[in-house]
Amino acid sequence: MRAQMENDLRLESSLWVGNKRYVAVLTGWHLKWTEADKKNRDKKAVSVPVAEVVGVEEGRVEILPHKSVEDTDRDFTVFYVKRSSSRSSSGLLWRLGRTQFTCPSRVLRDQWTRHIRTALKTHSPLRPHRLMVFINPFGGKKKGRQIYHSLVAPLFELAGISSHVIVTERANQARDHLLKKDLTGFDGVVCVGGDGMFSELLHGVIGRTQQEAGLCENDPAVTLQQCPLHIGIIPAGSTDCVCYATVGVIDPVTSALHIVIGDSQPLDVCSVHYGPGQVKYSVSLVGYGFYGDVLAESEKHRWMGPFRYDYSGAVVFLSNRSYRGTVQYLPADPLMSSPRDKTRCLSGCGVCSKSTEKLFTNSSDEGSLYSSYSGPFSNESEDDWVSVDGRFKCVSLTCMSSSCAKSPLGLSPSAHLADGTGDLILVWDTNPLGFLTYLYRHTTSQDQFDLPFVEVHRVKAVRFSLASEGEEAEDNSGLNVGMDGEDGGYNGSTSRAGSKQNLATRPEGQTKTNKDKTLNPFMCGLCCRKAPTASVWNCDGEILPFPKIFCKIHGQLVRLYARGIEDGASLKDCAEERLECNRTCSLPR
């Protein structure tokens, strides 16, 4: 079908770009123009997928940085996606490409603009027409309004997208609006802000969908309904981890262009059930121990701005805390993928595609079939769960790599965006130098899991609970005894099998302790204070004060206006047929 449409010639004529004549061809899938007057083979040719044409305007038009229009009878301007490499990340920057064409007559110009607009409607059906935009004016460097009005709004206007803009005045305003107001006619919602603003939209969209479906989202046994509204992210916050991990760059124009052309990236979501029937949602990090303590400490220093995270991280590291607990997890299918397989989730990821087929098996329409999806626990029993006891520096669960500018590969470099699983990272108690090595490796290309006190598991669900009073007392007595003169580091010869077992084989009421992983507390004079017996959870930047939680991964619960990280090394079939390629071709998806 596609090959037939590709060969279905729609329009061809001679056009001028500047003083050079080109042969322009519009087919069902591409707009291509080639130099016509050169006799040698070194002809400049540019091919733009119709799906990546942003818009077409009559006359000589510029949009960014400022809009200008020169109305002429025989000219029209085509705007399209143009890629370039990013020095600060592995992803690709998208820019607004622009080419002005001159026709022999006004009739031909009108014919070209009409055909291009028809092709956009026919072959880009997922493009949004109406969006609800929430701007956080206080996030990051407080430039949310400026970013939207100067960089994003002109692109929306060019693409014919109408937007309803709401500048938020308080926390959770966006979430409450999505839960209560009429959303009829909107194709998606967009946040201009950081990860906190995205979290508000995530909770609002999921909560609204479950309300309309008559489901109780607070019930861990409920299979949540897939959300029909897409979510777009314009990065403008202190932290933009979700944008970085799904697009590959922190750039408002790149993100806006993904929204304009209607890219659609499914995303796994972790529901975190805690307290008396409460639930939060996470896509990047659910962290206990170090990451929870850093967040709690940073809340005391909000006046520092983004620097508070670095300061709080140093304070918590010097405190050298570890926490006793029991982690239970439901392993994912090891044949699908592994957190140690050295693969990266990029645009067109094969693992995510196979997982889509596995998650949605009874229909070709994902949107309608999610309601029939039986959930990740339909064929699982308590015997399949694995339990781990011990003292941990940190316990982390992530549904994506959680990469960012400071950690280009993230918490779990081989995690996938839409495979229905999460990566559980267990960092056992160790000496300060060992833990510093683990943290430092996040900023390099070294394998942070290749350490004797670190484990990583691909899972579908996780439970965490504190040790009982008797176990905690026994463990604390071990703290006073220490390691018989050793340096307090992790004993690499200890078998981890002694602290891990299936729940089916554990005698009732028996708890397996691991004294070999019990260390002398190291307290810095700057941080001398009694170590707490329990930490808090960091759920995508929000503190959960309940240590006991249950986490469940919901495969492809939401969709973002994104396509995953495009790897510059994977660009194929370059649009330019000469060496100086304009990178207007598309990656295989």
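Let me begin by describing the structure that accompanies this report. None of the values given here were measured: they were computed from a predicted structure. (Residues numbered from 1 in each chain as written. Predicted model: local features only at pLDDT ≥ 70, side-chain atom pairs only at ≥ 80, totals over all residues. Heavy atoms only, no water.)

As a further point, take the nonpolar core. Membership of the largest hydrophobic core comes to 44 residues, with the highest contact counts inside it found for F290, V395, L397, L424 and Y438. Ranked by residues supplied to this core, first place goes to strand β18 (residues 386-398) with six residues. Residues within four places of L424 in sequence aside, it is in contact with V327, Y329, V395, S396, L397, E455, V456, H457, V459 and V462. If you look at the next biggest cluster of nonpolar residues, it comprises 43 residues, including M132, C243, A245 and L417. (Core = buried A, V, L, I, M, F, W, Y, C linked by side-chain atoms within 4.5 Å. Buried < 20%, exposed > 50% of the residue type's maximum accessible area, 1.4 Å probe, protein only. Helix = DSSP H or I, 4+ residues; strand = E, 2+ residues; numbered from the N terminus. Contact = heavy atoms within 4.5 Å.)

To continue, consider unusual backbone geometry. The peptide bond linking L64 to P65 adopts the cis configuration, its omega dihedral lying at 5 degrees. With respect to the secondary-structure elements, P65 resides in the loop between β6 (60-62) and β7 (68-70). You will see that K142, though not glycine, has its phi angle at about 60 degrees, which is positive. For K142, the location among the structural elements is in the loop between β10 (130-135) and α3 (144-158). A relative accessible area of 60% means that K142 is categorised as exposed. Of note, Q556 is a non-glycine position whose phi angle comes to about 50 degrees, a positive value. Relative to the helices and strands, Q556 is located in strand β24 (residues 549-560).

When we look at burial in helix α12 (residues 432-441), the residues that qualify are G434, F435, Y438, L439 and R441. All buried residues of α12 lie within an arc of 165 degrees about the axis, which places them on one face of the element. Those residues of α12 that are exposed and aimed more than 90 degrees away from the buried face are L433 and Y440. Contacts from the buried residues of α12 go to α8 (290-298), α9 (307-319), β18, β19 (422-428) and β20 (454-465). Of the residues that open α12, the one with a side-chain oxygen 3.2 Å from the backbone nitrogen of L433 is N431. (Arc of directions from axis to C-beta. Polar contact = N/O pair within 3.5 Å; in protein donor to acceptor, adjacent residues only side chain to side chain.)

With 18 residues, helix α2 (residues 106-123) should reach 26 Å at 1.5 Å per residue; the first-to-last C-alpha distance of 26 Å fits that figure. Taken residue by residue, α2 has L108, R109, W112, T113, H115, I116, A119, L120 and H123 as its buried positions. For α2, the arc enclosing every buried residue in end-on projection is 165 degrees, short of the 170-degree limit, so these residues lie on one face. Of the residues in α2, the exposed ones pointing more than 90 degrees away from the buried face are V107 and K121. (Expected span 1.5 Å × (residues − 1).)

Time to look at the pairing of strand β12 (residues 188-193). Along β12, six of the six residues are buried, which leaves the element largely enclosed by surrounding structure. Here five bridges tie β10 to β12, and the two strands are oriented parallel to one another. Each residue of the ladder has a partner; that of V133, found in β12, is V190. (Pairing = 2+ DSSP bridges.)

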